[in-house]
Amino acid sequence: MSKEPDHFNQTPRRKAEFIRPPNTLKAKVGSGGLSEEILNKAQTLLENNAAEFGPLADLYFTSLMRGVEMARLDQAPDDNENVIAHIIYPAMQLKANGGMFHYQLVTRAADKLIQFLEVIEKPDEEALEIVVAFLTTIRAIVNSKITGDGGRHGRDLIDALNHACMRYFEKHPGQRKDIDFDYIHKVDDQTP
Amino acid sequence: MSYQLHRISVLVVEDNEPMLEIVKSLLHTFGVGHVIGAPDGEVGFSRFCEYNPDIVIADWMMKPMDGMTFTRLIRNDERSPNTYVPVILMTGFSEKRRVLQARDAGVTEFLVKPFDARDLYKRIAQVIERPRQFVRSGDFFGPDRRRKRDAEKSGNYGGPMRRDTDTAETTKSRIIDQKNDAYEALRKIREKNGLAKGDKFDINPDDIDFA
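Keep in mind it's a predicted model, so treat the numbers as computed, not measured.

Chemist: How should the overall build of chain A be read in this particular structure?
Modeler: Secondary structure summary: chain A contains 7 helices and 1 strand in total. Ordered by position from the N terminus, the helices and strands of chain A form the series β-α-α-α-α-α-α-α. Out of the 192 residues in chain A, the part that is buried amounts to 32%. Counted over contacts in chain A with a minimum sequence separation of 6, partners at least 24 positions apart contribute 69%.

Shown next, in the form of structure tokens:
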């Protein structure tokens, strides 16, 4: 039974039961951690991972472009969040997986794209053009097999994308929202 | 002496197959005895019920069942063989609100992609060495979302007063205790090294009696 709050604008305090489960995991593995040798070996394995990122990235590019097309077809949607969610999902996958497959520049560019998508109020045509610019850039990075951070050229690419976003916000100052939306659970058609 | 990871099993739930293979390989390199893979939350939950692994590592975004729904099943479904199992959630999101969403679903640790071998190891070591106490409160059951030394010691959390076990007095007395402990540790170091008050010195953790 919760205690009565002092004011109706307060959340009632909840009864909380604290449970300390037995640490069976610790009992099984013991102490001492892992040696530097093992960690270095694991890191080397990760760095030498030769899995191709291209085919995976292609799936996300297709999904991202599909999201853009959906947004273009529905320029007066009831739910802007839902439209943006279909773009943000593949962008997030590119961000997450790029760096895992040695494409750190893809991760950086996709991260900027997500930041942009998370603050725009609605996906108007100008915003979608910026999304397509990101897509084109990231596709070029993958197709050209630019692994790592891309050096100076990579920084220039990120700066150019960043400036495009800034110009958009300068032109549309009211298009920046400050509410947290839950995009993740809005996606009903995720690929792959 | 090092961790005997060959004694444990880990379930990895990830819809991106190359990524699943990478995580499995890392775990094998760490010496984990049994690594089980699953391509989504639905299959993941059935494998979880079948194998009852010691640790679960899951991706957030998957179809048909995502990592959050999967975690809620582990914590709340009556078929779950171990509602306390540590769940490490992998995701590209790193914003605070995403972390909070994951905590609200019952996730134990958050692993931001891209990650390296040490990041993964740190999360595993964290769930081994610093397991969270669990909380059952209203509609939530899962690891305590507020990891505090005080909560671990006494069961009373000293942060914002949202639970009826929270009191401002315990918070205050905890801070005073910590301050007194710090003064006492400094006094002992000065005494041991013949230093006067105001003398500067480097603090060596070995000189502090944490007990």
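After that view, the rundown keeps rolling.
Chemist: Hey, could you run me through the overall build of chain B in this one?
Modeler: Per the secondary structure count, chain B includes 7 helices and 7 strands. For chain B, the N- to C-terminal ordering of α and β elements is β-α-β-α-β-α-β-α-β-α-β-β-α-α. A burial count over chain B gives 37% of its 211 residues as buried. At a minimum sequence separation of 6, the contacts of chain B that also span at least 24 residues come to 50%.

Chemist: When you look at the sheet that holds strand S2 (residues 34–38) of chain B in this model, what are you seeing that I'm missing?
Modeler: Within a sheet, adjacent strands bond to each other through the backbone by hydrogen bonds, running parallel or antiparallel. Residue and element names in this part refer to chain B. On the basis of which strands lie adjacent, the open sheet formed by 5 strands has the order S2-S1-S3-S4-S5 and parallel pairing. Strands with a single pairing partner mark the edges of an open sheet, and in this sheet they are S2 and strand S5 (109–112). Within this sheet the neighbouring strands show an average axis-to-axis angle of 20 degrees, counted without direction. Here 4 bridges tie strand S3 (residues 55–59) to strand S4 (residues 87–91), and the two strands are oriented parallel to one another. Counted as the bridge partner of Val-56 is Val-87 from S4.

Chemist: Teacher, can you tell me more about helix H5 (residues 104–119) of chain A here?
Modeler: One turn of the α-helix equals 3.6 residues, which is why residues spaced by three or four share an orientation. Residues and elements named next belong to chain A. Compared with the 22 Å implied by 1.5 Å per residue over 16 residues, the 23 Å span of H5 between its first and last C-alpha is a close match. Buried within H5 are the following residues: Leu-105, Val-106, Thr-107, Arg-108, Ala-109, Ala-110, Asp-111, Leu-113, Ile-114, Phe-116 and Leu-117. Packed against the buried residues of H5 are helix H4 (80–98), helix H6 (125–143) and helix H7 (151–171).

Chemist: Is there a simple way to think about helix H2 (residues 41–51) of chain B in this case?
Modeler: All names here are of chain B. All buried positions along H2 are accounted for by Gly-41, Gly-44, Phe-45 and Phe-48. The buried residues of H2 occupy one face: seen down the axis, they fall within an arc of 100 degrees. More than 90 degrees from the buried face of H2, the exposed residues found are Ser-46 and Glu-50. On its buried face, H2 is in contact with strand S1 (9–13), S2, S3 and helix H3 (67–76). Phi for Asn-52, located one or two positions after H2, is positive at around 45 degrees.

Chemist: What's the story with the interface of chain B and chain A in this structure? I'm lost.
Modeler: When the parts come together, some accessible area is lost, and that loss is often what is quoted as the size of the interface. With 45 residues of chain B at the contact, the number on the chain A side is 45 residues. When contributions to the side of chain B that touches chain A are tallied by element, the ones reaching two or more residues are helix H1 (17–30), helix H5 (117–129) and strand S6 (134–137) of chain B. Looking at the side of chain B that touches chain A, the element that brings in the most residues is H1 of chain B, giving 7 residues. Two elements, strand S1 (residues 17–19) of chain A and S6 of chain B, share 3 bridges in a ladder whose sense is antiparallel. Across the sheet, residue Phe-18 of chain A finds its bridge partner in S6 of chain B, namely Val-135 of chain B.

What counts, and where the lines are drawn
- Residues numbered from 1 in each chain as written.
- Chains lettered and ligands numbered in written order.
- Predicted model: local features only at pLDDT ≥ 70, side-chain atom pairs only at ≥ 80, totals over all residues.
- Helix = DSSP H or I, 4+ residues; strand = E, 2+ residues; numbered from the N terminus.
- Buried ≥ 20, exposed ≤ 12 C-beta atoms within 10 Å, placed from the backbone.
- Contact = placed C-beta atoms within 7 Å.
- Pairing = 2+ DSSP bridges.
- Axes fitted to C-alpha atoms, helices over the stretch in contact; angles between N-to-C directions.
- Expected span 1.5 Å × (residues − 1).
- Arc of directions from axis to C-beta.

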